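Chains, contacts and geometry: an overview
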Amino acid sequence: MSNSYRERTLNNLAIEKLKRLGFTNVDVHTLLEDEVYRSYYVKMLKNILSRKNCWETTIKSILKKARKLEE
């Protein structure tokens with residue numbers, strides 16, 4: 001993952017939410033590597049993108065990385 005501030009912010013938000021849902025093994029490394037975590041993260045990112053265009057570049061960059069890992 002890139003070290004950009006916005007990416008770290010979104011990563012941390014997703015990790016925090018997943019941990020609240022009971023996924024204790026989620027971290028920055030498994031967020032896109034694990035299919036369940038990635039699925040949740042992509043859904044969360046698309047939801048944010050639909051409401052806040054100012055995050056568009058960052059979210060599209062993360063989604064591109066997620067698509068590469070799915071292949």
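Refer to the structure presented above.
Below is a summary of the structure that appears in this document. Small disclaimer: the values here were computed from a predicted structure and weren't measured.

Right, let's talk about the environment of Arg51 for a bit. Tracing the backbone shows Arg51 in helix α2 (residues 35-51). A relative accessible area of 54% means that Arg51 is categorised as exposed. A distance of 3.4 Å separates a polar atom in the side chain of Arg51 from the backbone oxygen of Asn47.

Contact geometry of helix α1 (residues 5-20) with helix α3 (residues 56-70) gives a least axis separation of 10 Å together with a crossing angle of 65 degrees. As summarised for this structure, α1 and α3 are arranged roughly perpendicular, according to the angle between their axes. Where α1 crosses over α3, the two elements pack in a sense that is right-handed. Where α1 abuts α3, its residues Arg6, Glu7 and Leu10 lie against Thr58, Ile59, Ser61, Ile62 and Lys65. Grouping the constituent residues of the contact of α1 with α3 by class yields three nonpolar, two polar and three charged.

As enumerated under the stated definition, the model contains three salt bridges in all. With a closest N to O distance of 2.8 Å, Arg20 and Glu16 form a salt bridge. Pair noted here: Arg20 and Glu16 are both in helix α1, with a separation of four residues, about one helical turn. For Arg20, a relative accessible area of 59% puts it in the exposed group.

A word on the packing of aromatic side chains. Per the stated rule, a full pass over the model turns up one aromatic pair. Here Phe23 and Tyr37 contribute two aromatic rings whose centre-to-centre distance is 5.7 Å and whose plane-to-plane angle is 80 degrees, an arrangement assigned as edge-to-face. Remark: Tyr37 occurs in helix α2 and Phe23 occurs in the loop between α1 and α2; sequence separation between them is 14 residues.

Cut-offs applied
- Residues numbered from 1 in each chain as written.
- Predicted model: local features only at pLDDT ≥ 70, side-chain atom pairs only at ≥ 80, totals over all residues.
- Heavy atoms only, no water.
- Helix = DSSP H or I, 4+ residues; strand = E, 2+ residues; numbered from the N terminus.
- Buried < 20%, exposed > 50% of the residue type's maximum accessible area, 1.4 Å probe, protein only.
- Polar contact = N/O pair within 3.5 Å; in protein donor to acceptor, adjacent residues only side chain to side chain.
- Axes fitted to C-alpha atoms, helices over the stretch in contact; angles between N-to-C directions.
- Parallel < 35°, antiparallel > 145°, perpendicular 65-115°, else oblique.
- Left-handed = near helix turned anticlockwise from the far one by under 90°.
- Contact = heavy atoms within 4.5 Å.
- Nonpolar A, V, L, I, M, F, W, Y, C, P; charged D, E, K, R; others polar.
- Salt bridge = Lys/Arg side-chain N within 4 Å of Asp/Glu carboxyl O.
- Phe/Tyr/Trp six-rings, centres within 6.5 Å; stacked < 30°, edge-to-face > 60°.

What is shown is where atoms sit, not what they do.
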